[in-house]
Amino acid sequence: MEFWTSLASLMGVFAFFQSILHAVFPLELRFAAVKIFHRVFCCFSTYCYFDITEMDGVNTNELYHAVQLYLSRSASIAASRLSLSRGLNSSAFTFGLTNNDRLVDTFRGAIATWEHAVTQRQSQSFSWRPLPEEKRSFTLRIKKKDKAIILPAYLDHIMETANELRRRNQDRLLYTNSRGGSMESRGFPWESVPFKHPSTFETLAMDPSRKELIMADLTDFAEGKTFYEKRGRAWKRGYLLYGPPGTGKSSMIAAMANYLGYDIYDLELTEVHTNSELRKLLMKTTSKSIIVIEDIDCSLNLTNRISKKASPSADASSDLRPVGGSEDGGAGAKTITLSGLLNFTDGLWSCCGSERIFVFTTNHIEKLDPALVRSGRMDMHIHMSHCSFPALKILMTNYLGFDDREFDDKTETSDLMRELADVIDDAEMTPADVSEVLIKNRRREKEAAAGELLDVLKERVEKRKKKKPTGEEMEEEEQEKRALESTSSESDQMMDSCDGKEDKGEGEQV
Ligand SMILES: Nc1ncnc2c1ncn2[C@@H]1O[C@H](COP(=O)(O)OP(=O)(O)OP(=O)(O)O)[C@@H](O)[C@H]1O
Ligand SMILES: [Mg+2]
């Protein structure tokens, strides 16, 4: 009882002194005193502190989320009470520090202590966007002597690790610009869905040696950050996939994305109205992505015709400027031009962001403007051809379960295999057509299914023999052959003239 009485009187005395302090010293003076105390404290303290708030004004602070993700790696081991979350399009759970939790990290021998603080937002100041009710921030504490050693390298390390974690945790996305270049409410012109295409290089039917060449090229690209930096080149690469319908161009793009773990931006050129819209779309793509323009010959036909009309004497290189001198006026208004597209892939704007791959596909390489396919613009030209025997072996393994030994000469199936090898080239069937036959027969014995395929192939050969090509078709075929030869000889010349790695891939024919 006595204790409570003395505690009450003590509190009364304290309140009395506090009211005197408040009465005698004005608010400004008290603030100044606190400030001075803080400065003195900072001078004598061996630590320095950095606050990383969730919101930077009305914008979200990217660094806050990066720190959150970065710390989540070790938070699960070190802390006793954690927050758990799962992001949109993410297949993994993320651990986070709760209010006032601390975590110690080391970087280059220096100790960094992180503390998470959550406070209620006092008053909702006016803003166009509603701000979160809670104010969240991380405080980084490091020794003053370590500041020069670990900053800003530590922050770069955090950003890189967080990006890598985000990429690993997050399902990859397939973006499309179905609204053209116009923005949605958050100012983003792309719409996305989770990307779950099952195509891989393993399932892709094409000559294994060419496949390996492409995979090696992709790996070199993905690991080539310093290579590109040192040579002053933008970290990007262009692939042109060409060949008849159903030869696996789209499957190849999906395999590339799955191989590298990149997102895909499927750019629908016919939905884009001006070059500036095209630029905006490019600016809103992220790094580690593949930007795809399918059937480029169909998308650009009209524009080329307009640009030729605008300057009849123009050759391919003079096409490299906006139609009518201005992209938003004259004849070129409301249209994208070849120059706009070339700037998109090649120009200064193409360098915003990094680690990006451009893939164009076409069924008719001969219809493309030479400026678009010239070496250096599309680094690698990949011919997706009719089904060859090495490609057929992959399809038969995938669909019917044949293994490598069964394609050998000395097995029971050797006669069948030899016959298939003899007819497959003359049949000129696409992998898509071959796949259809194999899918239809997949429940049968594999030898019977392969026999059925052989019949289909033979039938095709017979049909092709009977059907004589018309003059027009022959001319078209001739044109296509000439185009193929010219692209291969161009790249051959280039391959002869350069032996450095840097130039190896420019316009390389695969
Ligand atoms: N090289 C291939 N390897 C494995 N499957 C293939 C290959 N080519 C085609 N296919 C099969 O055929 C289907 C169609 O292929 P895909 O869409 O990749 O062809 P494409 O060359 O993009 O055709 P298009 O020119 O009409 O767009 C795919 O679903 C795939 O299963
Ligand atoms: Mg396709």
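Coordinates for the structure precede this section.
Calculation notes
- Residues numbered from 1 in each chain as written.
- Chains lettered and ligands numbered in written order.
- Predicted model: local features only at pLDDT ≥ 70, side-chain atom pairs only at ≥ 80, totals over all residues.
- Heavy atoms only, no water.
- Buried < 20%, exposed > 50% of the residue type's maximum accessible area, 1.4 Å probe, protein only.
- Helix = DSSP H or I, 4+ residues; strand = E, 2+ residues; numbered from the N terminus.
- Pairing = 2+ DSSP bridges.
- Right-handed = clockwise from strand over helix to strand, strands pointing away.
- Lys, Arg positive; Asp, Glu negative; His and termini not counted.
- Salt bridge = Lys/Arg side-chain N within 4 Å of Asp/Glu carboxyl O.
- Polar contact = N/O pair within 3.5 Å; in protein donor to acceptor, adjacent residues only side chain to side chain.
- Contact = heavy atoms within 4.5 Å.

Chemist: When you look at the pairing of strand β13 (residues 289-293) in this model, what are you seeing that I'm missing?
Modeler: Within a regular strand, the side chains alternate between the two sheet faces. The element β13 is largely enclosed, with a buried count of five among its five residues. By the alternation rule, side chains of β13 split into Ser289, Ile291 and Ile293 and Ile290 and Val292, which are all buried. Bridge analysis of strand β12 (residues 263-266) against β13 gives four bridges, and the strand direction is parallel. Within the sheet, the bridge partner assigned to Asp263 lies in β13 and is Ser289. This β-α-β element, β12 to helix α9 (residues 275-283) to β13, shows right-handed connectivity. The pairing of β13 with strand β14 (residues 356-362) spans five bridges and is classified as parallel. Bridged to Val292 within β14 is Val359.

Chemist: Just checking my understanding: could you explain the side chain of Lys249 for this structure?
Modeler: In this structure, Lys249 sits in helix α8 (residues 249-260). Of the side chains with opposite charge, Asp295 lies nearest to the buried Lys249, which makes no salt bridge, at 6.3 Å. A distance of 3.0 Å separates the side chain of Lys249 from the backbone oxygen of Gly243, its partner in a polar contact. Sequence-distant contacts of Lys249, that is, excluding residues within four places in its chain, are made with Leu241, Tyr242, Gly243, Pro244, Thr361, Thr362, Asn363 and Met384.

Chemist: Even after reading the chapter, I still don't get unusual backbone geometry, so can you show me in this structure?
Modeler: Across the chain, the bulk of peptide bonds are trans and the bulk of non-glycine residues have phi less than zero. Note the cis peptide between Leu151 and Pro152, where omega equals 5°. Positionally, Pro152 belongs in the loop between α4 (144-150) and α5 (153-169). Phi at Arg108 is positive, roughly 50°, even though this residue is not glycine. With respect to the secondary-structure elements, Arg108 resides in the loop between β6 (102-107) and β7 (110-120). For Lys288, which is not glycine, the phi dihedral falls at a positive 55°.

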